[in-house]
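Coordinate inspection notes
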Amino acid sequence: MALLRRDAGGKVDWLIVGLGNPGEKYARTRHNIGFEVAALAAERWGLPKAKKKYGGLYTDGRIGPGLPRVGVLLPQTFMNDAGKSVGPARGSLGVDLDRVVAVHDEIDLPFGRIETRIGGGLAGHNGLKSLKRELGAPEFQRVRIGVGRPDSTDPEIVSAWVLGRFREPPDEVRALVEAATDELERLVAPSEPG
């Protein structure tokens, strides 16, 4: 099965990429929920403190005894150039494209809905466009986190929406981050049936 394939020289089994924008100005915005989920996953797995590497903040380690080794990358480029961080990381780590996981906000899903898939359209998401450009194809894994959509298709209103802070109660936002992290864990380390 392609999903189980791995390069023999690879240093990690999975490369998890939290998409967002660097800096306090963008912290806790809808567009940065990918950062929050990837950071929570690294914390849950007890990975070392992230260091500057590959144009981002990077850490890696096993997610548990006998479980996969993962790299977690938070690109410190802006969203539009995230691929410039992810491409070199993937190349250096020897990770197959179907083992790269982009964790990102998705305005085409209602707030609270989470979907995983491999490949598919880019839906105007500049971070995903950059990943496709630098990775050479769109067939990477995705954890799509529904952040809702404003009642407009005007690009300026949509941009202000995703770059704005959540209007939902903080406990609902925290529950969404936790649920998306659960989904990410199921993707990279599925439980054995039975």
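Above this text sits the structure in question.
We now turn to the structure provided with this report. (Residues numbered from 1 in each chain as written. Predicted model: local features only at pLDDT ≥ 70, side-chain atom pairs only at ≥ 80, totals over all residues. Heavy atoms only, no water.)

Let's shift gears to the nonpolar core. Core analysis: the largest hydrophobic core is formed by 32 residues, its most contacted members being Ile16, Trp45, Val101 and Leu184. Broken down by secondary-structure element, the contributors of at least two residues to this core are strand 1 (14–18), helix 1 (33–44), strand 4 (69–75), strand 5 (100–106), strand 7 (141–146), helix 4 (155–162) and helix 5 (170–188). For valine 101, the contacting residues outside a window of four places in its chain are Trp14, Leu15, Ile16, Val17, Gln141, Val143, Leu184, Leu187 and Val188. (Core = buried A, V, L, I, M, F, W, Y, C linked by side-chain atoms within 4.5 Å. Buried < 20%, exposed > 50% of the residue type's maximum accessible area, 1.4 Å probe, protein only. Helix = DSSP H or I, 4+ residues; strand = E, 2+ residues; numbered from the N terminus. Contact = heavy atoms within 4.5 Å.)

Between helix 1 and helix 5, whose axes approach to 9 Å, the crossing angle comes to 60 degrees. Where helix 1 crosses over helix 5, the handedness of that crossing is right-handed. Where helix 1 abuts helix 5, its residues Ile33, Glu36, Val37, Leu40, Ala41 and Arg44 lie against Arg174, Leu176, Val177, Glu178, Ala180, Thr181, Asp182, Leu184 and Glu185. Across the contact of helix 1 with helix 5, the residue classes break down as 8 nonpolar, 1 polar and 6 charged. (Axes fitted to C-alpha atoms, helices over the stretch in contact; angles between N-to-C directions. Left-handed = near helix turned anticlockwise from the far one by under 90°. Nonpolar A, V, L, I, M, F, W, Y, C, P; charged D, E, K, R; others polar.)

We now examine unusual backbone geometry. The backbone of arginine 28 shows a phi angle near 65 degrees, a positive value even though the residue is not glycine. Positionally, arginine 28 belongs in the loop between strand 1 and helix 1. Residue classification places arginine 28 among the partly exposed positions, given a relative accessible area of 46%. Of note, tyrosine 54 is a non-glycine position whose phi angle comes to about 55 degrees, a positive value. Take tyrosine 54: its relative accessible area is 16%, and that puts it in the buried class.

A separate point is the packing of aromatic side chains. The full count for this structure, using the stated rule, is 3 aromatic pairs. Relative to phenylalanine 78, the ring of tyrosine 26 has its centre 5.9 Å away and its plane inclined at 80 degrees; by these criteria the two rings are edge-to-face. Taken together, the positions of tyrosine 26 in the loop between strand 1 and helix 1 and phenylalanine 78 in the loop between strand 4 and helix 2 (83–93) put the pair 52 residues apart, joining distant regions of the chain. According to the relative accessible area criterion, tyrosine 26 is buried, its value standing at 16%. Phenylalanine 78 gets classed as partly exposed once you look at its relative accessible area, which sits at 46%. Between phenylalanine 111 and phenylalanine 166 the ring centres are 6.0 Å apart and the planes differ by 70 degrees, which places this aromatic pair in the edge-to-face class. In this pair, phenylalanine 111 is assigned in the loop between strand 5 and strand 6 (114–118) and phenylalanine 166 in the loop between helix 4 and helix 5, connecting sequence segments 55 residues apart. On the basis of relative accessible area, phenylalanine 111 is assigned to the partly exposed category, the value being 25%. With relative accessibility at 14%, the residue phenylalanine 166 sits in the buried group. Sitting over the ring of tryptophan 161, arginine 30 keeps its end group 3.8 Å from the ring centre. Note that arginine 142 overlies the ring of phenylalanine 140, its terminal NZ or CZ placed 4.7 Å from the centroid. (Phe/Tyr/Trp six-rings, centres within 6.5 Å; stacked < 30°, edge-to-face > 60°. Lys NZ or Arg CZ within 6 Å of the ring centre and 35° of its normal.)

Within the span of helix 4, buried status applies to Val158, Trp161 and Val162. Along the axis of helix 4, the buried positions cluster into a sector of 90 degrees, meaning they face one direction only. What points out from helix 4, more than 90 degrees from its buried face, is the exposed set Glu156 and Ala160. (Arc of directions from axis to C-beta.)

Our focus in this paragraph is the sheet that holds strand 3 (residues 56–62). Spatially, 2-3-4-1-5-7-6 is the arrangement adopted by the 7 strands of the open sheet, whose pairing is mixed. The outermost strands of the open sheet, each flanked by one partner alone, are strand 2 (51–53) and strand 6. On average, each strand axis in the sheet is inclined to that of its neighbour by 30 degrees, with strand direction left out of account. Where strand 1 lies against strand 5, 4 bridges are found, and the strand directions are parallel. Bridged to leucine 15 within strand 5 is valine 100. (Pairing = 2+ DSSP bridges.)

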